[in-house]
Amino acid sequence: MSSRPLLPESSLAPHVREQIQSFHRNVVDAVTAAIARDPVVVVGMAQNPFVKKARRALEAAGVPFTYLEYGSYLSQWKERLAIKLWSGFPTFPQVFVRGTLIGGFSDVERMLADGSLQRLRDSH
């Protein structure tokens, strides 16, 4: 799975596209910097059981990762919304391997089981 916008950019009015691109830009820039720098990045939030499960699965498999946390259910929701709008992925965790959004916990679990996560991580 790769990053994609929720709506085709061509269907957005220019002023709407501009607002989306600038919405909590500092948060999106921090996420993109981590993704560019680190082989595996998990973007999540406190108290979310699927974020915890994804992190535990990666740790158990011996896969080092960078974890970026943005609030909990009631805090920093706007920052998480900016990340969702940017990535086109509606839930957390958002797991990136070598710059590619692979998905959430179930995708991590599946890719660890079949070895594709390690292959993708080691492909560069």
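Note that the structure is a prediction, hence the values are computed from the model and not measured. (Residues numbered from 1 in each chain as written. Predicted model: local features only at pLDDT ≥ 70, side-chain atom pairs only at ≥ 80, totals over all residues. Heavy atoms only, no water.)

Draft legend 1. Local environment of the sheet that holds strand β4 (residues 100–103). One open sheet accounts for four strands, arranged β2-β1-β3-β4; its pairing is mixed. Each edge of the open sheet is held by one strand with a lone partner, namely β2 (66–69) and β4. Across this sheet, the average inter-strand angle for adjacent strands is 25°, counted without regard to direction. By the bridge criterion, four bridges tie strand β1 (residues 40–44) to strand β3 (residues 94–97) in an arrangement that is antiparallel. (Pairing = 2+ DSSP bridges. Helix = DSSP H or I, 4+ residues; strand = E, 2+ residues; numbered from the N terminus. Axes fitted to C-alpha atoms, helices over the stretch in contact; angles between N-to-C directions.)

Draft legend 2. Spatial organisation of the side chain of S116. Position of S116 relative to the elements: it lies in helix α6 (residues 116–121). Only 2.6 Å separates the side chain of S116 from the side chain of D114, close enough to count as a polar contact. (Polar contact = N/O pair within 3.5 Å; in protein donor to acceptor, adjacent residues only side chain to side chain.)

Draft legend 3. Seen up close, the pattern of salt bridges. The final tally for this structure, using the stated rule, is four salt bridges. Between D38 and R37 there is a salt bridge, and its shortest N-O distance comes to 3.1 Å. Assessed through its relative accessible area of 16%, D38 is described here as buried. Judged by its relative accessible area of 55%, R37 falls in the exposed class. (Salt bridge = Lys/Arg side-chain N within 4 Å of Asp/Glu carboxyl O. Buried < 20%, exposed > 50% of the residue type's maximum accessible area, 1.4 Å probe, protein only.)

Draft legend 4. Broad picture of the nonpolar core. With 15 residues, the main nonpolar core has V31, V41, V43, L68, Y70 and I83 as its most contacted residues. When contributions to this core are tallied by element, the ones reaching two or more residues are α2 (25–37) and β1. Looking at which element gives the most residues to this core, the answer is α2, with four residues. The residues contacting V41, other than those within four sequence positions of it, are A34, I35, T66, L68, Q94, V95 and F96. V40, V97, F105 and M111 belong to the second-largest nonpolar core, a separate cluster that totals 14 residues. (Core = buried A, V, L, I, M, F, W, Y, C linked by side-chain atoms within 4.5 Å. Contact = heavy atoms within 4.5 Å.)

Draft legend 5. Up close: the confidence of the model for the protein chain. Of all residues in the protein chain, 92% have pLDDT values of 70 or greater, and the mean over the chain is 90. Counting interchain partners and residues more than four positions distant, the pLDDT-below-50 stretch residues 1–5 has 13 contacts. (pLDDT = per-residue confidence, 0-100.)

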